Amino acid sequence: EKIVARGGEAAKNAAAELSEKKYDLGDKTFQCGRHIDATKTWMMFKIYGDKYFSDRVENGFRNVEYIVAEMAKKPEMFELVSAPMYLNVCFWYIPPSARGMAKGSVERKQEIDRAVQSIRRSMHMDGKVFINYQPQGELPNFFRPILCNSNTTTKDVDIMLQQIEEFG
C-alpha cells in the first residue's frame with residue numbers, strides 16, 4: 001500500500017523483489033494454485049463465519065428438494081435420470097409426442113433428445129433462464145441444473161420449470 005502510494009521507482013523495485021524466485025512457493029508445492037483458494041476460503045470464513053456458508057449450502061439442498069418435489073407432481077412431464085447428486089439434478093422433459101411411447105424405445109429417446117435441445121435453445125434465446133444439458137452414454141440429452149447459487153430461490157426454480165413447459 002505505501003509502496004504503491006509512493007509510486008515510481010519504489011513500486012518497480014517492490015514488484016521486482018516480490019517476483020524473485022525465493023518468494024514463489026509454486027515450485028515447492030503440489031497444486032500451487034490451491035494455496036490462493038485456501039487463503040480466500042479462510043478469509044471468507046473469518047469475515048462471514050460458519051453460518052454464512054451453512055446457509056448457502058442449505059439453500060442449495062432446499063432447492064434440490066423443491067425441484068424434485070415439483071417434478072414429482074407432473075410425472076408425465078418430468079422424469080429424473082437419477083437421484084440428485086449433491087446439488088446436481090439430472091432430468092428429462094417428456095414432450096407430449098413421447099408420452100405414450102414405450103420407455104426404452106429408440107423413438108422415445110429421439111423425441112426426448114430433440115425436445116431437450118430445442119427447449120434449451122429457445123430458453124437461451126428468450127434470455128430468462130440459462131440451463132445446461134448433456135447426454136450420458138446411450139441416454140438422450142437431459143437437463144442438468146446445478147443449484148449451487150446461494151441467490152437462487154424456489155421462485156427461480158418455478159420460473160425454470162415453467163419455461164421448460166412453455167417451450168416444450
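Computed from a predicted structure; not experimentally measured.

The rules we used
- Per chain, the residues get numbers from 1 upward, laid out in the order the sequence is written.
- Predicted model: local features are reported for residues with pLDDT of at least 70 only, side-chain atom pairs are reported and counted for 80 or more only, and whole-chain, interface and lining totals are derived from all residues.
- Calculation of side-chain values draws on the structure's entire complement of heavy atoms; hydrogens and water are dropped beforehand.
- Pairing between strands is defined by DSSP: at least two bridges between them are needed.
- For the purposes of this entry, the term helix denotes a DSSP run of H or I that reaches at least four residues, the term strand denotes a run of E that reaches at least two, and both are numbered from the N terminus.
- For salt bridges, the criterion is a side-chain nitrogen of Lys or Arg within 4 Å of an Asp or Glu carboxyl oxygen.
- Here's how the labels work: a residue is buried when its accessible area is under 20% of the maximum for its type, exposed when over 50%, partly exposed in between, all with a 1.4 Å probe on protein chains only.
- Any two residues having at least one pair of non-hydrogen atoms within 4.5 Å are treated as being in contact.
- Within this analysis, patches are made of residues with over 30% relative accessible area and no salt bridge. Like charges are joined at 9 Å or less; nonpolar side chains (Val, Leu, Ile, Met, Phe, Trp, Tyr) at 5 Å or less.
- Surface accessibility follows the Shrake-Rupley procedure with a 1.4 Å probe radius. Residue values consider only the protein chains on display as shielding.
- Side-chain atoms within 4.5 Å link the members of a nonpolar core, which is a set of buried Ala, Val, Leu, Ile, Met, Phe, Trp, Tyr and Cys residues.
- Centres within 6.5 Å make a pair out of two Phe, Tyr or Trp rings, where for Trp the six-membered ring is used; the pair is then stacked when the planes are under 30 degrees apart, edge-to-face when over 60, and tilted otherwise.
- To obtain each axis, a line is fitted to C-alpha atoms, and for helices this fit is confined to the stretch in contact; angles are then taken between N-to-C directions over 0 to 180 degrees.
- Orientation categories follow fixed angle ranges, with anything under 35 degrees roughly parallel, anything over 145 roughly antiparallel, 65 to 115 roughly perpendicular, and all other angles oblique.
- Should the near helix be turned anticlockwise from the far one by less than a right angle, the crossing is termed left-handed; should it be turned clockwise, right-handed.
- Put simply, Ala, Val, Leu, Ile, Met, Phe, Trp, Tyr, Cys and Pro go in the nonpolar bin, Asp, Glu, Lys and Arg in the charged bin, and everything else, Gly too, in the polar bin.

What is the right way to read the pairing of strand S3 (residues 133-136) from this model?
The side chains of a regular strand alternate between both faces of the sheet. As defined by bridge partners, S3 adjoins strand S4 (residues 139-143) across three bridges and the pair is classed as antiparallel. Of the residues in S4, the one forming a bridge with glutamine 134 is phenylalanine 142. Connecting S3 to the next strand, S4, in antiparallel fashion are two residues, including glycine 137 with a positive phi near 60 degrees.

How should I be thinking about the pattern of salt bridges in this particular structure?
Close approach of charged atoms allows side chains with opposite charge to pair. Tallied over the entire structure, the rule returns six salt bridges. Between glutamate 79 and lysine 103 there is a salt bridge, and its shortest N-O distance comes to 3.7 Å. Linking glutamate 79 in strand S1 (residues 78-80) with lysine 103 in the loop between strand S2 (91-93) and helix H5 (106-126), this pair joins segments that are 24 residues apart in sequence. Glutamate 79 gets classed as buried once you look at its relative accessible area, which sits at 18%. Since its relative accessible area comes to 59%, lysine 103 is described here as exposed. Across the salt bridge formed by glutamate 111 and arginine 114, the nearest N and O atoms sit 2.7 Å from each other.

Looking at this model, I keep getting lost on the environment of leucine 161. Mind explaining?
Secondary-structure assignment places leucine 161 in helix H6 (residues 154-167). For the pair leucine 161 and phenylalanine 78, spaced 83 residues apart in sequence, the C-alpha separation works out to 9.5 Å. Once residues within four sequence positions are removed from consideration, leucine 161 is found in contact with Ile67, Glu70, Met71, Phe78 and Phe91.

Help me understand unusual backbone geometry, please; the structure alone is not making it clear to me.
Most peptide bonds take the trans configuration, and most residues that are not glycine carry a negative phi. Despite not being glycine, tyrosine 86 has its phi angle at roughly 55 degrees, a positive value. When you line up the elements, tyrosine 86 lands in the loop between S1 and S2. According to the relative accessible area criterion, tyrosine 86 is exposed, its value standing at 52%.

Teacher, can you tell me more about a nonpolar patch on the surface here?
On the surface, Trp42, Met43, Met44, Ile47 and Tyr48 cluster together to form a nonpolar patch covering roughly 550 Å² of accessible area. For methionine 43, the location among the structural elements is in helix H3 (residues 34-48). The exposure class of methionine 43 is partly exposed, given its relative accessible area of 42%.

Whenever I open this one, the nonpolar core confuses me. Can you help?
One recurring pattern in soluble globular proteins is that nonpolar side chains are buried together. With 27 residues, the main nonpolar core has Ile67, Phe78, Phe91, Phe143 and Ile164 as its most contacted residues. Counting residues per element, the ones that place at least two in this core are helix H4 (50-72), S2, H5, S4 and H6. Among the elements that make up this core, the one with the highest residue count is H5 (five residues). Those residues in contact with phenylalanine 143, other than ones at most four positions away along the chain, are Val89, Cys90, Phe91, Tyr93, Val116, Ile119, Arg120, Ile131, Asn132, Tyr133 and Ile164.

Would you mind going over the packing of aromatic side chains with me for this structure?
Within a pair of aromatic rings, the relevant descriptors are the distance that separates the centres and the angle that separates the planes. Applying the stated rule across the entire model yields eight aromatic pairs. Between tryptophan 92 and phenylalanine 142 the ring centres are 6.4 Å apart and the planes differ by 85 degrees, which places this aromatic pair in the edge-to-face class. With tryptophan 92 in strand S2 and phenylalanine 142 in strand S4, the pair connects residues that are 50 residues apart, well separated along the chain. Judged by its relative accessible area of 8%, tryptophan 92 is buried. Residue class for phenylalanine 142 comes out buried when judged on its relative accessible area of 3%. Through a chain of ring-to-ring contacts, the aromatic side chains of Phe45, Tyr48, Tyr52 and Phe53 assemble into a single cluster.

Where do I start with the packing of H4 against H6 in this structure?
Axis separation between H4 and H6 bottoms out at 10 Å; the angle between their running directions is 40 degrees. One way to sum up the angle between H4 and H6 is to call them oblique. As for how H4 packs across H6, the hand of that crossing is right-handed. In this structure, H4 uses Asn63, Tyr66, Ile67, Glu70 and Met71 to contact H6, whose residues at the interface are Thr154, Val157, Asp158, Met160 and Leu161. In the contact of H4 with H6, the residues fall into six nonpolar, two polar and two charged.

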